[in-house]
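Structural description and commentary
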Amino acid sequence: MKISLITRYLNEPFLEEFVEYYLSEGVDNIFILYDVDSTMEISNSIKKNKKIIIHNSTNFGKRQMYDVNVVYSKIRNHFDWVIFIDCDEFISCKNLSLTIRDALETIYKDTDCIKIPWIMMSSNAVQNDPSSILQSLTTRWNHDLRHPHPHRWLKGRCRYDTIEVKCICRCPVFPTLGLHHPNHVTDYNFICIETIDGSPSPLNPFYNNLRESCIERAVMLCYHYRVYSYESAARKLVNNKLDGYKGNVLTYLLESDYSEKEDLFMKNKSIAKFGPK
């Protein structure tokens, strides 16, 4: 079984931690779409890693999925699974003895698409970038609470009723990828399930009614570190071409960074895997 991962890079200071983590989870190759307008270079250690392939990208705006699917079309026939995810998203099994590869080989061996809900991690108002995302950020939203954004900013919307997912899907089944899920094939009766209860789920970007009790019993979750410092929030806007990052977005980002609940799961997992950072 071969697992690929595709990600997009724009001013991401923790790419090495991201790469280290996913390789340790059993990913065979990571394909990085590098925004040519990024002000932060990718390190030489990543450039020299034979498991990492870097592609320059000029389509991070309205055509943000174009380059993703160009890369996917070239690799699709060489891999069994693909993960399309951003550099601030870390998928993990809740059972520490299982890697992503283990789960695909066992729990999800008869599945074509796995929908993994976000849980929203937070910076706890840290000003500067921490030494490690996984080990330093240990608070998150309380998903039993509503979080209406004061300015109705779409990316900072309340996720009490629906929260986004990221997917792991079979390459032979899905010819193209969307932002949060693969695009469907009308003549194939694929199997799509969510990772809270393992129930069948429609191929859409959302999981409905995520609560703390869901997080407790989940098989797999996607820890989303959208804001990990004031510094990172400001940098997120530099040369960002996406429509959702215009106007007073720095204020909006910080207003949607809710540090309400301690969650040490990814910190403890990272220390167990790599030692203290």
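Residues numbered from 1 in each chain as written. Predicted model: local features only at pLDDT ≥ 70, side-chain atom pairs only at ≥ 80, totals over all residues. Heavy atoms only, no water.

1. Things to note about the pairing of strand β4 (residues 81–84)
Along a regular strand, successive side chains alternate from one face of the sheet to the other. Residues of β4 alternate between two faces, with Trp81 and Ile83 on one and Val82 and Phe84 on the opposite face, all of them buried. The pairing of β4 with strand β8 (residues 162–170) spans 3 bridges and is antiparallel. Its bridge partner being in β8, isoleucine 83 is matched across the sheet by isoleucine 168. (Buried < 20%, exposed > 50% of the residue type's maximum accessible area, 1.4 Å probe, protein only. Helix = DSSP H or I, 4+ residues; strand = E, 2+ residues; numbered from the N terminus. Pairing = 2+ DSSP bridges.)

2. Quick word on the packing of aromatic side chains
All told, the structure shown has 12 aromatic pairs when counted by the stated rule. With centroids separated by 5.9 Å and ring planes inclined at 75°, the aromatic side chains of phenylalanine 18 and phenylalanine 90 adopt a geometry described as edge-to-face. Of this pair, phenylalanine 18 sits in helix α1 (residues 15–24) while phenylalanine 90 sits in strand β5 (residues 89–93), placing them 72 residues apart in sequence. Judged by relative accessible area, phenylalanine 18 falls into the buried class, the value being 0%. Seen in terms of ring centroids, tyrosine 21 and phenylalanine 90 are 5.4 Å apart; in terms of plane orientation they differ by 70°. Their pairing is edge-to-face. Of this pair, tyrosine 21 sits in helix α1 while phenylalanine 90 sits in strand β5, and the two are 69 residues apart along the sequence. Assessed through its relative accessible area of 1%, tyrosine 21 is described here as buried. Each residue in the set Phe18, Tyr21, Tyr22, Phe90 and Tyr225 is aromatic and connected to the rest through ring pairs, giving one cluster. A cation sits over an aromatic face here: lysine 94 above phenylalanine 265, 5.5 Å from the ring centre. One Lys or Arg, arginine 211, reaches over the ring of tyrosine 160 and ends 3.5 Å from the middle of that ring. (Phe/Tyr/Trp six-rings, centres within 6.5 Å; stacked < 30°, edge-to-face > 60°. Lys NZ or Arg CZ within 6 Å of the ring centre and 35° of its normal.)

3. Notes on the environment of threonine 176
Here threonine 176 is to be found in the loop between β8 and β9 (192–194). Look at threonine 176 and you get partly exposed, because its relative accessible area is 30%. Spatially, the C-alpha atom of threonine 176 lies 36 Å from that of serine 136, the residues being 40 residues apart in sequence.

4. Structural notes on empty space enclosed by the protein
Counting across every chain of the model gives 2 cavities of 30 Å³ or more. Here the largest cavity defines a volume of roughly 70 Å³. In terms of lining residues, the largest cavity is bounded by Val82, Ile83, Phe84, Cys167, Cys169, Leu177, Gly178, Leu179, His180, His181 and Pro182. Those elements giving two or more residues to the lining of the largest cavity turn out to be β4 and β8. Of all the elements, β4 adds the most residues to the lining of the largest cavity, at 3 residues. Here the second largest cavity is characterised by a volume of approximately 30 Å³. In terms of lining residues, the second largest cavity is bounded by Met120, Met121, Trp141, Arg226, Val227, Ser256 and Asp257. Of the residues belonging to the lining of the second largest cavity, the class tally is 4 nonpolar, 1 polar and 2 charged. (1 Å grid on protein atoms, 1.4 Å probe; cavity = no way out; pocket = protein on both sides within 12 Å on 5 of 7 lines; lining within 4 Å. Points joined across faces, edges and corners; volume = space filled by probe spheres on them. Nonpolar A, V, L, I, M, F, W, Y, C, P; charged D, E, K, R; others polar.)

5. Remarks on the pairing of strand β1 (residues 3–9)
Across the 7 residues that make up β1, a large majority, 7, are buried. What you see with β1 is no split at all: Ile3, Leu5, Thr7 and Tyr9 on one side and Ser4, Ile6 and Arg8 on the other are buried throughout. Pairing of β1 with β4 involves 4 bridges; the strand directions are parallel. In the sheet register, serine 4 faces β4, and the bridge partner there is valine 82. Alignment of β1 against strand β2 (residues 29–35), held across 6 bridges, turns out to be parallel.

Honestly, it's all geometry; don't read function into it.
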